[in-house]
Amino acid sequence: MRFSIYRYNPDVDDKPYMQEMVLEDVRNEMMLLDALLALKQQDESLSFRRSCQEGVCGSDAMNINGRNGLACITPLDSLSEPVKLRPMPGLPVIRDLIVDMSQFYQQYRNVKPYLIVHDPVPEVEHKQSPAQRDQLDGLYECILCGCCSTACPSFWWNPDKFLGPAALLQAWRFLADSRDQAEGQRLQELEGPYRLFRCHTIMNCVDVCPKGLNPTKAIGKIKHLMLKRSI
Amino acid sequence: MSRRVQGLRLWMWQRVSALYLALFLLYIVISILMLEQFDYPQWHAWISGPVNSIIIYIGFLMLFAHAWVGIRDVIMDYIHSIVLRSLTLMLAGLGFMVCLLWLSRVLIKAILT
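I will try to describe carefully the structure that is included in this document. Please read these numbers as outputs of a predicted model, since none were measured by experiment.

Observations regarding the overall build of chain A
- Along the backbone of chain A there are 8 helices and 7 strands.
- For chain A, buried positions account for 48% of its 231 residues.
- Sequence-distant contacts in chain A: of pairs separated by 6 or more residues, those separated by 24 or more amount to 64%.
- Here chain A has roughly 11500 Å² of accessible surface; of this, 48% comes from carbon and sulfur atoms.

Considering the sheet that holds strand β2 (residues 17-22) of chain A
Residue and element names in this part refer to chain A.
- The 5 strands are arranged β2-β1-β5-β3-β4 in an open sheet whose pairing can be described as mixed. Taken across any chain shown, the strands that pair with only one partner, and hence form the sheet edges, are β2 and β4 (67-70). Strand-to-strand, the axes of this sheet are offset by a mean angle of 35°, without reference to chain direction.
- The sheet contact formed by strand β3 (residues 61-64) and β4 spans 4 bridges and is antiparallel. Following the sheet pairing, M62 is matched in β4 by G69.

Notes on the interface of chain A and chain B
- Of the residues lining the interface, 17 residues belong to chain A; the matching set on chain B comes to 14 residues.
- Carbon and sulfur atoms make up 56% of the area that chain A and chain B hide from each other, which totals about 1500 Å².
- In this assembly, chain A and chain B are joined by 2 salt bridges.
- D73 of chain B is the salt-bridge partner of R198 of chain A, the closest N and O atoms lying 2.7 Å from each other.
- Taken together, chain A and chain B are joined by 8 residue pairs in polar contact (both at pLDDT 80 or more).
- Elements supplying a minimum of two residues to the side of chain A that touches chain B: α6 (183-190) and α8 (215-230) of chain A.
- Of the residues contributing to the side of chain A that touches chain B, the split by class is 6 nonpolar, 6 polar and 5 charged.

Digging into the packing of aromatic side chains
- This structure, assessed with the given rule, holds 9 aromatic pairs over all chains.
- Between Y27 of chain B and W46 of chain B the ring centres are 6.4 Å apart and the planes differ by 35°, which places this aromatic pair in the tilted class. Of this pair, Y27 of chain B sits in helix α1 (residues 3-33) while W46 of chain B sits in helix α2 (residues 40-47), and the two are 19 residues apart along the sequence.
- With centroids separated by 6.0 Å and ring planes inclined at 55°, the aromatic side chains of F64 of chain B and F96 of chain B adopt a geometry described as tilted. Of this pair, F64 of chain B sits in helix α3 (residues 50-78) while F96 of chain B sits in helix α4 (residues 82-112); the two residues are 32 residues apart in sequence, bridging distant segments of the chain.
- Residue F64 of chain B is classed as buried on the basis of its relative accessible area, which comes to 15%.
- Members of the aromatic cluster, joined through ring pairs, are W156 and W157 of chain A together with Y78 of chain B.
- Positioned over the ring face of Y194 of chain A is K161 of chain A, at 4.8 Å from the centre of the ring.
- Sitting above the plane of the Y194 of chain A ring, R198 of chain A keeps its charged end 5.5 Å from the centroid.

Quick look at the nonpolar core
- If you look at the biggest cluster of nonpolar residues, it comprises 68 residues, and the most contacted ones within it are F3, I5, L32, L36, L85, L190 and I222 of chain A.
- Take this core: its biggest share by element is 7 residues, from helix α5 (residues 165-175) of chain A.
- Among the nonpolar cores identified, the runner-up in size contains 12 residues, and L21, L35, W46 and I56 of chain B belong to it.

Considerations on the pattern of salt bridges
- All chains considered together, the criterion is met by 14 salt bridges over all chains.
- The salt bridge partner of R27 of chain A is D25 of chain A, with a shortest N-O separation of 3.7 Å.
- Given the relative accessible area of 47%, R27 of chain A is considered partly exposed.
- Among the charged side chains, a salt-bridge network with shared partners connects R198 of chain A together with R72, D73 and D77 of chain B.

Some details on the environment of P159 of chain A
All names here are of chain A.
- With respect to the element layout, P159 can be found in the loop between α4 (153-157) and α5.
- For the pair formed by P159 and G90, sequence separation is 69 residues and the distance between their alpha carbons is 8.2 Å.
- Those residues in contact with P159 that sit more than four places away from it in its chain are Q103 and Q107.

Remarks on the side chain of T150 of chain A
Residue and element names in this part refer to chain A.
- Relative to the elements of secondary structure, T150 occurs in the loop between α3 (130-134) and α4.
- Separated by 2.9 Å, the side chains of T150 and N68 make a polar contact.
- A polar contact is formed between the side chain of T150 and the backbone oxygen of G146, at a distance of 2.7 Å.
- Once residues lying within four places of it in the same chain are set aside, the contact partners of T150 are N68, M88, P89, L91, F155 and W156.

Examining the packing of α5 of chain A against α6 of chain A
All names here are of chain A.
- At their nearest, the axes of α5 and α6 sit 10 Å apart, and the two run at 160° to each other. On the basis of their axis angle, the class for α5 and α6 is roughly antiparallel. As α5 runs across α6, the sense of the crossing is left-handed. Mapping the contact onto sequence places L168, A171, F174 and L175 in α5 and E183, R186, L187 and L190 in α6.
- Looking at the contact of α5 with α6, its residues break down into 6 nonpolar, no polar and 2 charged.

Rules of the game
- Residues numbered from 1 in each chain as written.
- Chains lettered and ligands numbered in written order.
- Predicted model: local features only at pLDDT ≥ 70, side-chain atom pairs only at ≥ 80, totals over all residues.
- Heavy atoms only, no water.
- Helix = DSSP H or I, 4+ residues; strand = E, 2+ residues; numbered from the N terminus.
- Buried < 20%, exposed > 50% of the residue type's maximum accessible area, 1.4 Å probe, protein only.
- Contact = heavy atoms within 4.5 Å.
- Areas by Shrake-Rupley, 256 points an atom, 1.4 Å probe, with all protein chains shown as cover.
- Pairing = 2+ DSSP bridges.
- Axes fitted to C-alpha atoms, helices over the stretch in contact; angles between N-to-C directions.
- Buried area = accessible area lost by both parts, 1.4 Å probe.
- Salt bridge = Lys/Arg side-chain N within 4 Å of Asp/Glu carboxyl O.
- Polar contact = N/O pair within 3.5 Å; in protein donor to acceptor, adjacent residues only side chain to side chain.
- Nonpolar A, V, L, I, M, F, W, Y, C, P; charged D, E, K, R; others polar.
- Phe/Tyr/Trp six-rings, centres within 6.5 Å; stacked < 30°, edge-to-face > 60°.
- Lys NZ or Arg CZ within 6 Å of the ring centre and 35° of its normal.
- Core = buried A, V, L, I, M, F, W, Y, C linked by side-chain atoms within 4.5 Å.
- Parallel < 35°, antiparallel > 145°, perpendicular 65-115°, else oblique.
- Left-handed = near helix turned anticlockwise from the far one by under 90°.

Written out as C-alpha cells, the structure is:
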C-alpha cells in the first residue's frame, strides 16, 4: 500500500515535503495507526503522537486524505491510495504529523471547563435527576482530539479569538449542566463578535468528529439561550 | 459599540432580516403574478401604493442590514490589519448609505409621479 506522508523536521529541513512510502505487509482489519507503526519500523525518524490506540485518548488525530480523523480507528481498507497523511491544518507543526496544540488548549481553558458552584459545598455529592443527566449526553464524550476545531475555517482565520467548536461544545456542556451556577457569567464571557459568533454554521466540525458529536448544535443552543436571556 | 451589539444583536438582525426577505420575496412574486397585465402602468400603480411602498422600503432596509452583517463577517474573517479592516468596513458602509439614498429617491419619485 502506498503512502504520501508530510515530513518536516525544523532542525534539518528548510521546508516541509511529502515522502512517498510503501507498506508491503498489509493485513486485513488493519487500522491506519498499525500501518504508521509499521512504517516507523522502516524509517524511525517518522514522528506522530499515539497512545491508547482505540479512539479514546485522541492523540493520533491527523489529516487523512484531506479529512481530519483518528488514525487508530480509521480502517486501512477505507482509504484510497496513495494515502495522504498531513498534520491537522491550522496549527503550528512541531515535527512531521505532530502539531502544537497550545492554542487549542488555551481556548478550551477559556470556557472554564469545570463546574462553578456558588452555594456551600453539599455534604453529599451534587445530585442530578436522570433527565438532567441526559442533557449531558453528546457533550461529555468529547476527547479533545482537535479534529473539529482544526477543520473549522473560522478557527483557521481567528484561532486566537474564536473559541472553536471543541471549546464551544464544552461551553454548552457546562451551561447545560443542572449543577452549574454560572450561566450568566458564562454567557457574558461568550458575547462579542469573536468568541462564539465567528461560527458560520459551516459544519465541518460535525462532519469530522470521530466520536459523532455535534458542536454546531451545541453552538446553536448557546445562541438561543443567550437570546432567551436577553429578551 | 458595546460587545453585546457586535455579537448577539447583529446575529439576531441577520436572522430577522432573512425571515423578512423570504416573506418579502414571496409577496413580490405573488403580487406580480396577480397583476392583470404586466406592464408599466400596472407596475407603477402597484409600487406607488402606500402599503406596498412601505413594504418595499422596509424590504430594502432589511436587505442592507442582512448584507451589512454578512460583509462585516467576511471582512472580520479575512482582513486582519486594523487599518485595512476599518477602511473596507467604512467603504462598505458608505456603499450601503449611497444605495439607501438612491433607493429613497427612486421610491419617493415613484410615489409622487
